[in-house]
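A closer look at the structure
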Amino acid sequence: MNNVGFAVGTGRCGTRFLSEVLACDPAIASHHERHAFSDTFHRYCRWYGIDADEAGFVATKRAAIEQDLRERAYSFEASAFLALSLETLYRELGARVVLMVRRPERVVSSYLRKGWFESTPLLDDPGKPPTMQDVAMPHHFLGRTMPRGAEFERWRGLTRVGKIAWFWNRLNRELLEQAQRLPAGATRLQKLETLDYAAFRDLTDFLGAPASVTEKTFAGVRGRKPDASFGQRTVHV
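We now turn to the structure provided with this report.

Reading guide: rules and limits
- Residues numbered from 1 in each chain as written.
- Predicted model: local features only at pLDDT ≥ 70, side-chain atom pairs only at ≥ 80, totals over all residues.
- Heavy atoms only, no water.
- Pairing = 2+ DSSP bridges.
- Helix = DSSP H or I, 4+ residues; strand = E, 2+ residues; numbered from the N terminus.
- Axes fitted to C-alpha atoms, helices over the stretch in contact; angles between N-to-C directions.
- Contact = heavy atoms within 4.5 Å.
- Phe/Tyr/Trp six-rings, centres within 6.5 Å; stacked < 30°, edge-to-face > 60°.
- Buried < 20%, exposed > 50% of the residue type's maximum accessible area, 1.4 Å probe, protein only.
- Lys NZ or Arg CZ within 6 Å of the ring centre and 35° of its normal.
- Expected span 1.5 Å × (residues − 1).
- Arc of directions from axis to C-beta.

1. Observations concerning the sheet that holds strand β3 (residues 74-78)
Strand order across the open sheet formed by five strands is β2-β3-β1-β4-β5, with parallel pairing between neighbours. This sheet does not close on itself; its edge strands, each paired only once, are β2 (28-32) and β5 (187-191). With direction set aside, neighbouring strand axes in the sheet form an average angle of 15°. Examined bridge by bridge, strand β1 (residues 4-8) and β3 share four bridges and lie parallel to one another. Residue pairing for β3: Gly5 is matched across the bridge by Phe76. Together, β1, β3, β4 (96-101) and β5 form the strand contacts of helix α9 (residues 197-207), whose direction differs from that of β4 by roughly 150°.

Take a look at the structure:
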């Protein structure tokens, strides 16, 4: 499919920001995490090596994109839930994908505020995929990746900071490994800390997306402070 792009990452890494900036362009249908359960289930299956058929996942994405393109010139979605879906998005939808990366201490602090890994995970056999845990929403469990096999016991003994730091490291490694398996030009790595207006224009060129968002509009979206209601607690606290 033409005119289709995605942004993925660990979460808390700028995917929402990018979707909000692109949504300011009237020619772009831009979304953030629009299929939470479907996407995290696909991620869960990929992570634990469950050989599930992908037809439903692909059909859900394709139908939403086709609806976008009936109304706009470009379809874009930013979602950390798609972090293990790069190869499927490229193969089935012809999409280009931006890999968003943010400094680890910022991501860890943000996930601490959101309550990640507050409960001790229940798992008797680390060699098997875990069953549903007691969480607020099913996709929270499916998206909170844990180690597989023998590595799980060491991870379970870490502090919450350690668990989330492991998550940041491991998921970013998986992102890079997927990108290396795709053709050159299918993915682009972007650090949130260096995403100024010039870098944003480079991303729209890479995505093949319309580029009518002005520097003033970009700065206005960038000036909004995410998680303001949570205060300023950091990993040091």
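On we go.
2. Points about the packing of aromatic side chains
Going through the model one piece at a time under the given rule, you end up with 14 aromatic pairs. On the basis of an interplanar angle of 50° and a centroid distance of 4.7 Å, the ring pair of Tyr44 and Tyr48 is categorised as tilted. Of the residues examined, Tyr44 reaches a relative accessible area of 9% and is grouped as buried. You can call Tyr48 buried: its relative accessible area is 15%. Seen from their ring centres, Tyr111 and Trp116 are 3.9 Å apart, and the 35° between their planes marks the pair as tilted. The class of Trp116 is buried, set by a relative accessible area of 7%. Ring pairing ties together the aromatic residues Trp47, Tyr111, Trp116, Phe117, Phe152, Trp155, Trp166 and Phe167, which thus form one cluster. Above the plane of the ring of Phe206 lies Arg96, whose end atom (NZ or CZ) is 5.7 Å from the centre.

3. What to know about helix α3 (residues 55-71)
Counted at 1.5 Å a residue, the expected span for α3 with its 17 residues is 24 Å, and the 25 Å between its end C-alpha atoms agrees. Looking only at α3, the buried set comprises Phe57, Val58, Lys61, Ala64, Ile65 and Asp68. Considered in projection along α3, the buried side chains sweep an arc of 140° and stay on one side of the axis. In this fold, the buried residues of α3 make contact with β1, β2, α2 (36-47), β3 and α4 (86-93).

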